[in-house]
Amino acid sequence: MSPGQYPARTPVIGWLLRWIHGAEEAGEILIELRELGWYERRERGALRARLLFWRESLRHAAGRQLRGGMDPDDGDGGPGLGAWLTDTRHALRKLRHSPLHSVITVAVLGLGIGAVTAVFSLVNMLLFATLPFAQPDRLFTLEDVLTRPGQPANPYTPQARSLYALRDLLPEVDLAGHRFGTFRVHGGDVPTQVIGVHVTDRWFETVGVRPFLGRGFSQEQQAAGAGASAAMIGHDLWQRRFGADTSIVDTTVLLNGQPHLISGVMPPGLRFPWGSEVWVQSEFDRTATFSLGTVMRVPEGTGLTELRAQLAVATDQVAQMYPETHTHLRFNAKSLRDYLVDNRAGVAWMLLAAVAMLLLLACANVAGLATVRVLGQGKELAVRAALGSGRGRLFRLVFIEGALLAASGGLLGLAVAVLLQRSLASLGSAPQSGVGLVLSIGMDYRVVGFTTLTTGLAAVLASTLPALRALNSGRAGSLLRTRGGGEDRTTGRLLSATLASQAGIGAVLLIVSVTVAQAYMSLESTERGYEGTDRQVLRVVLPDEDFPGGDGRWQHLEQMARQIEESPDVVAAGYTHHLPMTPGTWTRPLTFEALRDGVAVSSRASVRWVGTSYLDAIGIDMLAGRSFTAEEMEAAAPVVVISAGLAARMSDNPATLVGGRVTTGSRDEDDRPWLEVVGVAEQAQEEWIHTDTVYLPYSDVPHAWVEMVVHVQPGTGVRQLAAWLPRVDPEQPVDDVRSLATMAATELQAERLATQIVGVLAVGGLIITLLGTYGLVSFRVGQRRRDLGIRMALGCDSRRLVWHVVSRGVALVAVGFMVGALLTWVLVPPLFGGSVAETDYVDLHLLNAGLSPDPGATSGSLGLVLLTASLASLIPVLRALASNPLSVLRED
Amino acid sequence: MSRDRLGSLEQQVLLAMLRLGGDTYAVPIVREIREHGGDISHASVYVVLRRMQNRGLVTSDMRPPGPNERGRERRFFQVQAAAVAQLQETKRTLSSLWQGIEVLEEPR
């Protein structure tokens, strides 16, 4: 019987053999190995046959090296463990003999692996973290889009009506809603104030949360409808206020003065939505015009497109049912994931790109270093070959060295990663998504593995490939060439390319990081227009239960402010519904009446509802006119204060605007009330995006959640104010007094984190570039010691020699840098330069600052990289020159 | 190791080839040696054959697969007279060395 072939297809082995032996020989080998495999399968089964095939193939792959040497009878089979141990010891000794090179390689590997791992773990968490909900891909949020532009947004749509209507129209989709609320939690010495939500029935099932403790809301409670006495509390609140008492379930706790039955504790870290710590079941009034967040869970297999199509149909049906409220409204869906993670994605991608750059840089560097290492050993390898070392032995030596370096680099990288990660986490700025998902940063060991593997592979390949090439082509003897070492033309070009490309990558990293740092610093140093020092902020919450419909809120706040001012430590106190520079935007289209050549001009500005003394308390001066009075609040007078920037654009003399009229509606809406401008305030940065501001009396829209800004005497601490407050309002929680300056600093923490990460990458990149350049240049100079020695002996001017060597390295680096810089200039502005669409939760202001590399950053980076390259070239040259030329010549 | 002496692997391969008729390719050689209790890899046979070809002990040519065989051409090797002569010389040397060593005598 004639033999067959097994296995039939062997693409990987085929490629490997072709790569090592060439196509023709590989063909011969493969057909015979498959024939052997066929016999083996017939006699011992398919598994044994495959094993045999692989073993034989690998022997062939290595055979060229193992058995191509001088001794024909070094036995069958690979080298024993003893030989590997001997070679490992030898490799260790060799690594010790060139400590500088070894240390540089390990440092480059370690830094690269460490930085890449730390940053990638973080970015990975931001971009790809799974949401802590059951089957999160089935979750969407509902958005209403107003089809007639200029209409005020959400707060004027009865969203509860939309929710209940959609529940009827889309029976397959689970819908649940939540409404922002604040809860005063009683118990202990002083009450505490937390954010929470009122949720509809089936909320927990829809979102897909399993409680940490307890059971969620029971069917009976849900069926009871207005069983508003059931509440869930957050894990953090449970630990903070209730000492992690596991018997809390089914006990009664006072929330906003009302008894609530605690039916469970939420899982740790989950504060969805909006950083909530209390979830209370409520029945919503279908006609009320409050803002309601809606979560939808679709059946398995339904996608966004399908859901949107269903919503489009529902839009028309709801519009017919409620023409008065839903005529100009369209429903839209957005995946919950996008809604939660969206805002940071731009920065995360930028960081990811930077990480990839660093990984590339580390690989290029390590490869370059490993190559020169092997080439530098050319002479030794040639001598060993001449003395009878088998090729396999030589190959093994080189391989072990590369692997040892890679392994040490990996270990160091792990340590660096852990350190970096700790310092990133200890910034106290574990990024919290704007909607209340606390994401924890954890070390991702898969990333460590991946990075180590990548860079390690680079190291091993770069050290073995040149050796393999030389040994296979029978050029072992050519390694003996003294001048230029083993660096042939191709390798020389390769090394030059490595030098240039690492400068290029370094340039990109540096320029980007300097740009980000500049954007950050410009954000930090933005002229705020208000005083940060000696200002303390107290959060005051006036729940609906105590102030039905908001009645009496402003009177309470005004009285509270006056009482606080009675303290000897206090200069002034005033309140606002929204502090400057905190997340969230409150904007309105604005129309000025008959200004600028008689034409009405409209502009968009942020809106602040503030108390009478707020501008005084926070330190915004009046340029013309005055602030509101309590009488105007009492009379609900239509008055407004506008910011100077806005005023300046409308009139050359802002003072003339006082007494003019303005409306906060759109130009087309005649029913919006016109407001009288009573004052022009100094320009203050209330928001990042919109610099223009209008201040309206708080009594106009009395928010429940208010920030009391207190101007204190210099040197007054937060504690002193906190001690005074119970005299003002014993019911008011005082655990949340903060200084405005600290708040402004924490406000930028996400930006700071991003900046620091990019900084880490840039510094890492710079060090790697420095080390790598040094390693490569010193190798090249070392190879030319004989050349340099001859020139010196012939009386060549040492300065010219130095210039000769240094200029070449620096020129290469400069070319690489230029290419990198060009790429940065071309790519960064379109990718990151635009400003992000305005959303409710834009909290990475770096993007709004509009990143674009500037000439200063670029030339500074160029200087830094060139300096690095010069130093890296200069030191080895000087070292070479310092040795006696004659002794250098004698060495050969 | 002198070039005109046969190594033990070379002896094994040549003997296997002669048992197979003196004109064969690597796979049957591997199987023949293994059937006689030897352990050798295909890669080793392959390398040894090439080396002996360089020394003129064997010659080779490529042959298409037979009518019932699959695959492409195989390289066949033929034992040359020089190889047989070296084998005989090696056998003589070894036989005389083996003689008279009582501890190595196999029990009859």
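Our subject is the structure that appears above.
### Examining the overall build of chain B
Along the backbone of chain B there are four helices and three strands. Partitioning the contacts of chain B with sequence separation of at least 6, the portion at a separation of at least 24 is 50%. When the accessible area of chain B is evaluated, it comes to approximately 6400 Å², of which 51% is carbon and sulfur surface.

### Observations regarding the packing of helix H2 (residues 23–44) of chain A against helix H2 (residues 26–35) of chain B
Between H2 of chain A and H2 of chain B, the least distance of the axes is 9 Å, while the angle of their chain directions is 40°. Comparing their axes, H2 of chain B and H2 of chain A come out oblique. Taken as a pair, H2 of chain A and H2 of chain B cross one another with a handedness that is right-handed. Contact residues: Glu-32, Glu-35, Leu-36, Tyr-39, Arg-42 and Glu-43 of chain A in H2 of chain A; Ala-26, Val-27, Val-30 and Arg-31 of chain B in H2 of chain B. Its residues assigned to classes, the contact of H2 of chain A with H2 of chain B shows five nonpolar, no polar and five charged.

### Let's talk about the interface of chain B and chain A
Listed as interface residues are 30 residues of chain B and, on the opposing side, 25 residues of chain A. Together, Arg-31, His-42 and Tyr-46 of chain B form the three largest contributors to the area buried by chain B at its contact with chain A, with a combined 21%. Put simply, Glu-56 of chain A and Arg-34 of chain B hold a salt bridge, and the shortest N to O gap is 3.1 Å. Taken together, the links from chain B to chain A amount to 11 residue pairs in polar contact (both at pLDDT 80 or more). Broken down by secondary-structure element, the contributors of at least two residues to the side of chain B that touches chain A are helix H1 (8–19), H2, helix H3 (42–54) and strand S3 (74–79) of chain B. By residue number, the principal contributor to the side of chain B that touches chain A is H3 of chain B, which donates seven residues. Among the residues making up the side of chain B that touches chain A, the classes are represented as 11 nonpolar, seven polar and 12 charged.

### Details of the pattern of salt bridges
Overall, the coordinates contain 16 salt bridges over all chains when judged by the stated rule. Between Glu-558 of chain A and Arg-562 of chain A there is a salt bridge, with its nearest N and O atoms 2.8 Å apart. Of this pair, Glu-558 of chain A and Arg-562 of chain A both sit in helix H17 (residues 553–565), four residues apart, roughly one helical turn. Residue Asp-23 of chain B pairs with Arg-63 of chain B through a salt bridge whose shortest N-O separation is 2.8 Å. Taken together, the positions of Asp-23 of chain B in strand S1 (residues 23–24) and Arg-63 of chain B in strand S2 (residues 58–63) put the pair 40 residues apart, joining distant regions of the chain. On the basis of relative accessible area, Arg-63 of chain B is assigned to the partly exposed category, the value being 25%. One network of salt bridges, in which partners are shared, links Glu-28 of chain A together with Arg-50 and Arg-75 of chain B.

### Brief notes about the nonpolar core
Val-13, Leu-14, Met-17 and Leu-49 of chain B are the most contacted members of the largest nonpolar core, which has 40 residues in total. For this core, the elements supplying multiple residues, two or more each, are helix H1 (11–21), H2 and helix H3 (46–66) of chain A together with H1, H2, H3, S3 and helix H4 (81–98) of chain B. No other element matches the seven residues that H2 of chain A contributes to this core. Those residues in contact with Met-17 of chain B, other than ones at most four positions away along the chain, are Gly-22, Asp-23, Thr-24, Ile-29, Leu-49, Val-58, Phe-77, Gln-78 and Val-79 of chain B. Counting residues in each nonpolar core, the second largest holds 34 residues, with Ala-354, Ala-362, Leu-420 and Val-508 of chain A among its members.

### Comments concerning the sheet that holds S1 of chain B
Residue and element names in this part refer to chain B. What the three strands build is an open sheet, ordered S1-S3-S2; its pairing is antiparallel. Edge positions in the open sheet fall to S1 and S2, since each of these has one partner strand only. Bridge analysis of S1 against S3 gives two bridges, and the strand direction is antiparallel. In the strand pairing of S3, Thr-24 is matched with Phe-77.

### Let's talk about the packing of H1 of chain B against H3 of chain B
All names here are of chain B. In the contact formed by H1 and H3, the axes pass within 10 Å of each other and the chain directions differ by 90°. Taken together, the axes of H1 and H3 lie roughly perpendicular to each other. Contacts between H1 and H3 involve Leu-9, Glu-10, Val-13, Leu-14 and Met-17 from the first element and Val-45, Val-48, Leu-49, Arg-51 and Met-52 from the second. Of the residues belonging to the contact of H1 with H3, the class tally is eight nonpolar, no polar and two charged.

### What about the side chain of Glu-632 of chain A?
Residues and elements named next belong to chain A. By the secondary structure assignment, Glu-632 is in helix H19 (residues 630–634). You can call Glu-632 buried: its relative accessible area is 11%. Here Arg-626 takes part through its side chain, which lies 2.7 Å from a polar atom of the side chain of Glu-632. Look past the residues within four positions of Glu-632 in its chain and what remains in contact with it is Arg-626, Ser-627, Ala-637, Val-639 and Val-678.

### So, H3 of chain B
Residue and element names in this part refer to chain B. Between its first and last C-alpha atoms H3 spans 18 Å; for 13 residues at 1.5 Å apiece the expected length is 18 Å, and the two agree. Where burial is concerned, most of H3 is hidden: 10 out of the 13 residues are buried. Turning to H3, its buried residues number three or more, namely His-42, Ala-43, Ser-44, Val-45, Tyr-46, Val-47, Val-48, Leu-49, Arg-51 and Met-52. The first or second residue beyond H3 is Gly-56, which carries a positive phi of 80°.

### Some remarks on the environment of Leu-538 of chain A
Residues and elements named next belong to chain A. Inspection of the secondary structure assignment puts Leu-538 in strand S11 (residues 535–541). Leu-538 gets classed as buried once you look at its relative accessible area, which sits at 1%. Separated by 169 residues in the primary sequence, Leu-538 and Glu-707 have C-alpha atoms spaced 5.7 Å apart.

### A word on H4 of chain B
All names here are of chain B. For H4, with 18 residues, the first-to-last C-alpha span of 25 Å sits near the 26 Å given by 1.5 Å per residue. Of the residues making up H4, those classed as buried are Ala-83, Gln-86, Leu-87 and Thr-90. For H4, the arc enclosing every buried residue in end-on projection is 105°, short of the 170-degree limit, so these residues lie on one face. Exposed residues pointing more than 90 degrees away from the buried face of H4 are listed as Ala-81, Lys-91 and Arg-92. Residue Gly-100 follows H4 closely and has a positive phi angle near 85°.

### Overview of the environment of Gly-216 of chain A
All names here are of chain A. Relative to the assigned elements, Gly-216 resides in the loop between strand S4 (213–214) and helix H8 (219–223). Exposure remark for Gly-216: the relative accessible area of 2% places this residue in the buried category. Separated by 13 residues in the primary sequence, Gly-216 and Trp-203 have C-alpha atoms spaced 9.6 Å apart.

### Concerning unusual backbone geometry
Residues and elements named next belong to chain A. A cis amide bond links Tyr-6 to the next residue, Pro-7, at an omega of -5°. Structurally, Pro-7 is set in the segment before H1. Phi is positive for Asp-250, which is not a glycine, with a value near 70°.

### Regarding the packing of aromatic side chains
Per the counting criterion, the structure on display carries five aromatic pairs over all chains. Ring centres of Trp-203 of chain A and Phe-204 of chain A lie 5.1 Å apart, and the angle between their planes is 80°; on these two criteria the pair is classed as edge-to-face. Both residues of the pair, Trp-203 of chain A and Phe-204 of chain A, belong to the buried class. Geometrically, the ring pair formed by Tyr-25 of chain B and Phe-76 of chain B is tilted, given 4.9 Å between the ring centres and 55° between the ring planes. Remark: Phe-76 of chain B occurs in strand S3 and Tyr-25 of chain B occurs in the loop between S1 and H2; sequence separation between them is 51 residues. For the pair formed by Tyr-25 of chain B and Phe-76 of chain B, the shared burial category is buried. Arg-31 of chain B extends its terminal NZ or CZ atom over the ring of Tyr-39 of chain A, reaching a point 3.7 Å from the ring centre.

Criteria and thresholds
Residues numbered from 1 in each chain as written. Chains lettered and ligands numbered in written order. Predicted model: local features only at pLDDT ≥ 70, side-chain atom pairs only at ≥ 80, totals over all residues. Heavy atoms only, no water. Helix = DSSP H or I, 4+ residues; strand = E, 2+ residues; numbered from the N terminus. Contact = heavy atoms within 4.5 Å. Areas by Shrake-Rupley, 256 points an atom, 1.4 Å probe, with all protein chains shown as cover. Axes fitted to C-alpha atoms, helices over the stretch in contact; angles between N-to-C directions. Parallel < 35°, antiparallel > 145°, perpendicular 65-115°, else oblique. Left-handed = near helix turned anticlockwise from the far one by under 90°. Nonpolar A, V, L, I, M, F, W, Y, C, P; charged D, E, K, R; others polar. Buried area = accessible area lost by both parts, 1.4 Å probe. Salt bridge = Lys/Arg side-chain N within 4 Å of Asp/Glu carboxyl O. Polar contact = N/O pair within 3.5 Å; in protein donor to acceptor, adjacent residues only side chain to side chain. Buried < 20%, exposed > 50% of the residue type's maximum accessible area, 1.4 Å probe, protein only. Core = buried A, V, L, I, M, F, W, Y, C linked by side-chain atoms within 4.5 Å. Pairing = 2+ DSSP bridges. Expected span 1.5 Å × (residues − 1). Arc of directions from axis to C-beta. Phe/Tyr/Trp six-rings, centres within 6.5 Å; stacked < 30°, edge-to-face > 60°. Lys NZ or Arg CZ within 6 Å of the ring centre and 35° of its normal.

Purely geometric stuff here, so don't read any function into it on its own.
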